[in-house]
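Structural features, examined
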Amino acid sequence: MDEKTIELFEQSLRRCDANPEFLDFFYERFLASSPKVRKKLANTDFHRQKRLLRASFYLILLASEDPQNGPARYLSHLAARHSAKDLDVGTELYDLWLDSLLESVEKYDPEYSPEIEEVWEKMMGVGIDFLLSRYHHS
Ligand code: HEM
């Protein structure tokens, strides 16, 4: 990933995360998006889950800096957890996940713009593509 995109992502993430409601809103939107999502997250401790998601944004950032080896190096654990053998998170749920996240960024980043939206799409694409590529063989 190019440096400009990574820098814009990190700055936008900081602005969003400056508001403690950012990830609450994200999980509200995500849970509202489908009964399938509510079912998967029925027993989730969201206090812990928000911390884990925050950490995974930085793992995705690290992965994006090294397209060859980065995703396997930083995201293998996450991919195994979301794969068919474990949480079994399929493609259609990632669309809902990304839409909910983009809505949250739009609401909580005061400097939101079409460029910022594209930056989040590209960066999260690194994580989503890798997790889906490991869906069947983790
Ligand atoms: C790139 C997108 C995603 C990222 C970065 C992400 C991130 C995470 C992280 C960091 C964890 C914690 C893993 C651990 O405990 O070690 C997790 C767990 C989980 N994720 Fe995701 N996730 C993504 C997409 C999704 C989607 C689309 C779903 C669909 C429902 C989903 C459902 C879950 C569930 C059910 C758990 C387990 C929660 C629990 O322990 O109660 N994730 N995710």
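To start, this report covers the structure provided alongside it. (Residues numbered from 1 in each chain as written. Predicted model: local features only at pLDDT ≥ 70, side-chain atom pairs only at ≥ 80, totals over all residues. Heavy atoms only, no water.)

Section: the overall build of the chain
If you tally the helices and strands in the chain, you get seven helices and zero strands. Reading the chain from its N terminus to its C terminus gives the helix and strand order α-α-α-α-α-α-α. By the compact-globule yardstick of 14 Å for 138 residues, the chain fits well, its C-alpha radius of gyration being 14 Å. Its C-alpha atoms put the chain at 40 × 35 × 25 Å along the principal axes. Taking all 138 residues of the chain together, the buried fraction comes to 39%. (Helix = DSSP H or I, 4+ residues; strand = E, 2+ residues; numbered from the N terminus. Rg over C-alpha atoms; globule rule 2.2 N^0.38 Å. Buried < 20%, exposed > 50% of the residue type's maximum accessible area, 1.4 Å probe, protein only.)

Details of unusual backbone geometry
Notably, Asp88 is not glycine yet its phi reads approximately 55 degrees, a positive angle. Topologically, Asp88 is positioned in the loop between α5 (70–82) and α6 (91–108).

Observations concerning the side chain of Thr5
Within the element layout of this structure, Thr5 appears in helix α1 (residues 3–17). Aside from chain neighbours lying at most four places away, what touches Thr5 is Val119, Lys122 and Met123. (Contact = heavy atoms within 4.5 Å.)

Here we look at a negative patch on the surface
A contiguous patch of negative charge, built from Asp95, Asp99, Glu115, Glu118 and Glu121, is present on the exposed surface. When contributions to the negative patch are tallied by element, the ones reaching two or more residues are α6 and α7 (114–133). It is α7 that contributes the most residues to the negative patch, three residues altogether. Relative to the helices and strands, Asp95 is located in helix α6. Owing to a relative accessible area of 47%, Asp95 belongs among the partly exposed residues under this scheme. (Patch = residues over 30% accessible without salt bridge, like charges linked within 9 Å, V, L, I, M, F, W, Y side chains within 5 Å. Areas by Shrake-Rupley, 256 points an atom, 1.4 Å probe, with all protein chains shown as cover. Salt bridge = Lys/Arg side-chain N within 4 Å of Asp/Glu carboxyl O. Lys, Arg positive; Asp, Glu negative; His and termini not counted. Charge placed at Lys NZ, Arg CZ, Asp CG, Glu CD.)

Regarding the site of the ligand
Taken together, 19 residues surround the ligand, and among them Thr44, Gln49, His77, His82 and Leu87 come closest. A distance of 3.0 Å separates an oxygen atom of the ligand from a polar atom in the side chain of His77. Sorting the residues of the shell around the ligand by element identifies α4 (46–65), α5 and α6 as the ones contributing at least two each. For the shell around the ligand, the element with the highest residue contribution is α4, accounting for five residues. Its residues assigned to classes, the shell around the ligand comprises eleven nonpolar, five polar and three charged. (Near = heavy atom within 4 Å. Polar contact = N/O pair within 3.5 Å; in protein donor to acceptor, adjacent residues only side chain to side chain. Nonpolar A, V, L, I, M, F, W, Y, C, P; charged D, E, K, R; others polar.)

Section: the nonpolar core
Judged by nonpolar contacts, the single largest core of 38 residues is most densely connected at Phe9, Phe22, Phe57, Trp97, Trp120 and Met124. Those elements giving two or more residues to this core turn out to be α1, α2 (22–33), α4, α5, α6 and α7. Broken down by element, this core gets its largest block of residues, nine residues, from α7. Residues within four places of Phe9 in sequence aside, it is in contact with Phe57, Leu61, Val119, Trp120, Met123 and Met124. (Core = buried A, V, L, I, M, F, W, Y, C linked by side-chain atoms within 4.5 Å.)

Here we look at the coordination of the iron atom of the ligand
Think of it this way: four donors in a tetrahedron around the metal ideally sit 109.5 degrees apart, and six in an octahedron ideally sit 90 or 180 degrees apart. No protein donor other than His82 (NE2) coordinates the iron atom of the ligand, and that contact is at 2.1 Å. Looking at where His82 falls in the secondary structure, it is placed in helix α5. (Donors = N, O, S within 2.8 Å, 3.2 Å for Na, K, Ca; no water.)

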